[in-house]
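# Residue-level structure breakdown
So the chains spell out like this:
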Amino acid sequence: MHQSTKLRSFSLSCPTRSASDMDAALGGHGTGKPTRPCGFNLGSRGIRTHLSCLSQKSDSFSDFSTLQYDGKHSQALKRLTADEASRWARSFDFLLSHKYGRSAFRAFLQTEFSEENLEFWVACEEYRKTRSLNKLSSKAQHIFEEFIEVQAPREVNIDYPTRELTKRNLQHPTLSSFDLAQLRVRSLMERDSYPRFLRSKIYNDLLSHTQKSPC
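The name given to the protein chain in an unreviewed UniProt entry is Regulator of G-protein signaling 8, with Hymenochirus boettgeri as the source organism. Under the Function (unreviewed entry) heading, UniProt states for the protein chain: "Regulates G protein-coupled receptor signaling cascades, including signaling downstream of the N-formylpeptide chemoattractant receptors and leukotriene receptors. Inhibits B cell chemotaxis. Inhibits signal transduction by increasing the GTPase activity of G protein alpha subunits, thereby driving them into their inactive GDP-bound form."

### Observations concerning the overall build of the protein chain
When helices and strands are counted, the protein chain shows 13 helices and 0 strands. Within the span of the protein chain, comprising 215 residues, buried residues form 42% of the whole. Excluding contacts between residues fewer than 6 apart, the proportion of contacts in the protein chain whose partners are at least 24 apart in sequence is 64%. Here the protein chain has roughly 12,100 Å² of accessible surface; of this, 52% comes from carbon and sulfur atoms.

### Description of unusual backbone geometry
Leaving glycine out, the prevailing phi sign among residues is negative, and the prevailing peptide bond configuration is trans. Look at Phe 113: it is not a glycine, yet its phi comes out positive at around 60°. Positive phi, close to 65°, is recorded for Gln 151, a residue that is not glycine. The residue Gln 151 is located in the loop between α10 (136–148) and α11 (160–169) in this model. When its relative accessible area of 70% is taken as the criterion, Gln 151 is described as exposed.

### Things to note about the pattern of salt bridges
All told, the structure shown has 12 salt bridges when counted by the stated rule. One salt bridge in this structure joins Glu 125 and Arg 128, with 2.3 Å as the shortest N-O distance. For Arg 128, a relative accessible area of 31% gives the class partly exposed. Notably, a salt bridge pairs Arg 196 with Asp 192, separated by 3.0 Å at the nearest N-O pair. Residue Arg 196 and its partner Asp 192 are located together in helix α12 (residues 179–199), separated by 4 residues, close to a single helical turn. Both residues of the pair, Arg 196 and Asp 192, belong to the buried class. Ionic contacts of the salt-bridge type, sharing partners, join the residues Asp 93, Arg 186 and Glu 190 into one network.

### Concerning the environment of Pro 153
Along the chain, Pro 153 turns up in the loop between α10 and α11. Judged by its relative accessible area of 42%, Pro 153 is partly exposed. Along the backbone, Pro 153 and Glu 116 are 37 residues apart, and their C-alpha atoms lie at a distance of 9.3 Å.

### Here we look at α10
Of the positions making up α10, those classed as buried are Leu 136, Ala 140, Ile 143, Phe 144, Glu 146, Phe 147 and Ile 148. Turning to α10, the residues buried within the fold contact α9 (115–127), α11 and α12.

### Observations concerning the packing of aromatic side chains
Under the criterion given, the structure shown has 9 aromatic pairs. Ring centres 4.8 Å apart and planes at 50° place the aromatic pair Phe 92 and Tyr 194 in the tilted group. With Phe 92 in helix α7 (residues 92–97) and Tyr 194 in helix α12, the pair connects residues that are 102 residues apart, well separated along the chain. On the basis of relative accessibility, which here comes to 3%, the residue Phe 92 falls in the buried class. A relative accessible area of 8% places Tyr 194 in the buried class. Linked through ring pairs, Trp 88, Phe 92, Phe 105, Phe 108, Tyr 194, Phe 197 and Tyr 203 together constitute an aromatic cluster. Cation over ring: Arg 87 sits above Phe 94, and NZ or CZ is 3.8 Å from the ring centre.

### Considerations on the nonpolar core
Counting 38 residues, the largest nonpolar core has Trp 88, Phe 105, Phe 120, Ile 148, Phe 178, Met 189 and Phe 197 as the members making the most contacts within it. Looking at this core, the elements that each hand over two or more residues are α7, α8 (99–111), α9, α10, α12 and α13 (201–212). Residues in contact with Phe 197, not counting those within four places in the same chain, are Trp 88, Leu 95, Ala 104, Phe 105, Phe 108, Ile 202 and Tyr 203.

Conventions and cut-offs
Residues numbered from 1 in each chain as written. Predicted model: local features only at pLDDT ≥ 70, side-chain atom pairs only at ≥ 80, totals over all residues. Heavy atoms only, no water. UniProt positions renumbered as here; feature names shortened; annotations may be inferred. Helix = DSSP H or I, 4+ residues; strand = E, 2+ residues; numbered from the N terminus. Buried < 20%, exposed > 50% of the residue type's maximum accessible area, 1.4 Å probe, protein only. Contact = heavy atoms within 4.5 Å. Areas by Shrake-Rupley, 256 points an atom, 1.4 Å probe, with all protein chains shown as cover. Salt bridge = Lys/Arg side-chain N within 4 Å of Asp/Glu carboxyl O. Phe/Tyr/Trp six-rings, centres within 6.5 Å; stacked < 30°, edge-to-face > 60°. Lys NZ or Arg CZ within 6 Å of the ring centre and 35° of its normal. Core = buried A, V, L, I, M, F, W, Y, C linked by side-chain atoms within 4.5 Å.

Printed below as a string of structure tokens:
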């Protein structure tokens with residue numbers, strides 16, 4: 001039996017949590033996505049949720065520790081200054097433009113199972129850098145199928161008119177084909193996830209770490 005089939009057929013359950021804790025873990029605060037109890041069959045997204053339940057992901061110091069001791073992040077943390085980290089709280093644009101800021105924000109979004117929003121935003125930024133017009137069509141189609149299409153593997157939460165407009169844009173793709181969809185997702189992150197990130201332990205522990213680090 002294929003591994004993914006085994007995962008879908010296997011019944012998993014989370015540790016007991018309060019309703020508010022479960023809502024936060026599933027990213028239900030203002031994301032526009034309905035919350036669902038663990039163990040509900042959601043296809044590929046459900047499998048990811050189940051596996052995350054097993055690892056007991058939460059907005060906790062352990063998430064910061066992952067950043068701290070992961071090889072690709074440990075050196076970055078050593079170079080991160082307190083001023084840079086504090087500026088993330090003053091400007092969402094600065095957070096998104098800062099390499100290590102995006103890494104920390106992505107780690108937080110993973111605890112809310114909404115990292116696809118940032119991944120889509122980054123994909124759009126890279127798409128606009130495409131120099132070869134011959135590659136636009138294939139790149140645009142890939143982004144649409146990955147993030148925009150209904151039941152896409154990493155479907156982002158956008159409204160129907162925006163999805164349809166983006167779909168029409170793909171008939172004659174340009175560098176601005178995803179501008180409206182990217183704006184919608186960026187606004188959602190800034191309004192919804194960003195304030196919670198600034199209140200999270202992963203950010204505040206990281207900020208304390210930079211303030212304690214010797215210059």
